[in-house]
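Close look at the chain arrangement
Residues per chain are reported as follows:
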Amino acid sequence: MSKRDNIWYPYTQMHDYTKYLKRRIIRSGSDFYLYDDEGNKYLDGISNMWCNVWGFNSNRITNAMINQIKHIPHSTLFGIGNDKSIELSNEFLKLAKGLNKVFFTDNGSSAIEAALKIALQYWRNQGNLRKTSFLSIADGYHGDTIGAMSVGYVDNYFKSYKRLLFKCHVIPSPKMVTLNGIVNPEKLNLLLESTEKIIVKNADKAAALIMESGAQLAGGVNIYPPGYQNRIREMCKKNNVLFILDEIATGFGRLGNMIEYVAQESIPDIACFGKAITGGYFPLALTLTSKKIFKEFSGTLGDQKHLFHGHTYAGHPIGCTAVIENLRMYKENNLLDKIRSNSKILSKRLQEFQSIPIVQNIRAKGLLAGFDLVKNGKSIINVDNIPMSYFVLRESLKRGVLLRSLGATMIVIPPLAIDPHSLNKVMDTQLEIVLDINKRRVG
Ligand SMILES: Cc1ncc(COP(=O)(O)O)c(C=O)c1O
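Residues numbered from 1 in each chain as written. Predicted model: local features only at pLDDT ≥ 70, side-chain atom pairs only at ≥ 80, totals over all residues.

Where burial is concerned, most of strand 10 (residues 242-246) is hidden: 5 out of the 5 residues are buried. On strand 10, burial covers both faces: L242, I244 and D246 on one face and F243 and L245 on the other are all buried. Across 3 bridges, strand 10 lies against strand 11 (residues 270-273) in parallel orientation. Paired with I244 across the strands is I270, a residue of strand 11. (Buried ≥ 20, exposed ≤ 12 C-beta atoms within 10 Å, placed from the backbone. Helix = DSSP H or I, 4+ residues; strand = E, 2+ residues; numbered from the N terminus. Pairing = 2+ DSSP bridges.)

The subject of this paragraph is the packing of helix 4 (residues 83-95) against helix 12 (residues 317-332). In contact at an axis separation of 8 Å, helix 4 and helix 12 are set at 35 degrees when each is read in the N-to-C sense. Here the hand of the crossing between helix 4 and helix 12 comes out left-handed. Across the interface between the two elements, K84, S85, E87, L88 and E91 of helix 4 pack against P317, C320, T321, V323, I324 and L327 of helix 12. Per-class residue counts for the contact of helix 4 with helix 12 are 6 nonpolar, 2 polar and 3 charged. (Axes fitted to C-alpha atoms, helices over the stretch in contact; angles between N-to-C directions. Left-handed = near helix turned anticlockwise from the far one by under 90°. Contact = placed C-beta atoms within 7 Å. Nonpolar A, V, L, I, M, F, W, Y, C, P; charged D, E, K, R; others polar.)

Turning our eyes to something else, we now look at the nonpolar core. A115, A119, A208, L209, L242 and I244 are the most contacted members of the largest nonpolar core, which has 115 residues in total. Looking at this core, the element that brings in the most residues is helix 5 (residues 108-125), giving 8 residues. Counting contributing residues, this core receives three or more from each of domain 1 (3-57 + 334-439) and domain 2 (62-331). The residues contacting A119, other than those within four sequence positions of it, are A207, A208, L242, I244 and I270. (Core = buried A, V, L, I, M, F, W, Y, C linked by C-beta atoms within 7 Å. Domains from an automatic or database assignment.)

It is worth spelling out the site of the ligand at this point. Every one of the 14 residues lining the ligand counts as a neighbour, but G108, S109, G143, I248 and A249 are closest to it. With 3 residues, the single largest contributor to the shell around the ligand is helix 5. In terms of residue class, the shell around the ligand is made up of 6 nonpolar, 6 polar and 2 charged. (Near = placed C-beta within 6 Å.)

Moving on: the domain arrangement of the protein chain. Segmenting the protein chain into domains produces domain 1 (3-57 + 334-439) and domain 2 (62-331). Taking the mean C-alpha position of each, domain 1 and domain 2 sit 26 Å from one another. If you look at the interface, domain 1 gives 26 residues, while domain 2 gives 21 residues. Contributing elements (two or more residues each) for the side of domain 1 that touches domain 2: helix 2 (47-50), helix 13 (335-350), strand 13 (359-365), strand 14 (368-375) and strand 19 (409-412). Sort the elements by how many residues they give to the side of domain 1 that touches domain 2 and helix 13 lands first, with 7 residues. When grouped by side-chain class, the residues that make up the side of domain 1 that touches domain 2 number 15 nonpolar, 8 polar and 3 charged.

Turning next to the sheet that holds strand 3 (residues 41-44). Across the sheet, which stays open at both edges, the 4 strands sit in the order 1-2-3-18 with mixed pairing between neighbours. On the outer flanks of this sheet lie strand 1 (26-30) and strand 18 (401-402), each paired with one strand and no other.

Next comes the structure, spelled out in structure tokens:
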């Protein structure tokens, strides 16, 4: 045992990890590269768990944060405001059409917990005690706190905690968009019909329906067909069910739009943001609500209608400063245009994978893509008896790139401001690894 072995990594079987992978310890970062303690460098091909925007030496965000810490390192929102959270909310609400209030948390899962509690209490505050359950979507992922696991239940991950979770009414996942973007309208109509039936059947007891905005990410990169999200919003509205959108992984440019629900013309009652909003420089997340929702929390202290939720670091001024500077950089660097032009490179490069026998269902939008590795009709779980995700990690690191697969689904999710040369390097490495898997013994 070395001192390095005292750490417990998230979602990781530490026994296998040390069996198959050498522990690499990151010490620094520059551009889009991570540097380990032995001087090796790795291109960040997974945007540091999907939050890296500018790479690791965006001095503008760093300097703004350093400057802020000199003013005040933290100032709580419990009973008093701070200037940076006000500035952030004003800037953010300019983008988040239709929403009017900003609630602060420090990670995506917590933003979801806040959204669920707000939805539940919204009805209770009106005296409706029936609406206490949630509608969710199969293969959705919203984080791993109790509420987030309940509405984004993934059996493979969360079965040990099932007793703690609440049951949801689950609508089907729209797994039908492919690289060419063609959707079978009949299939979509059937899916929407069955979805509507579930919503109608449970509307009386459902406080809200929650889904990721634009695409499901951790559940296998399922991109929604055009118009789908708005249809779900309409169904919720018609049936008096609140509509919650999770933009934590898909908003802020990942799918080529700043706010995905604005692009999809599907304004929700509540929306959650996280990950890329600070450029990946600080843990901060937001839950936004409409006026209609906020109004129901108004009353006297004795009414007990206010929201009983809030964490120590809510509205952290350093995190808020990072968001404010990050937003300026998005604008000044025309980041969305760059994402859209890189998205074309990505789509073109993905065509090279189409003829590989084990590759199926390539799908992409913005700077996100996924495809499945399948042999003899079965998802590939092991490569040379090594679990797929470890194999991909090991082989990519060997080639100087950090990649992770979602089980048998390969995911392309580079930093949002990546340059075309580095994007091509990510794709070259993906291609090499997939061609290698194609030749090996798989199960
Ligand atoms: C769509 C979505 N929602 C919520 C979360 C949870 O965010 P966090 O890991 O910051 O708790 C994630 C994390 O991957 C996510 O992809």
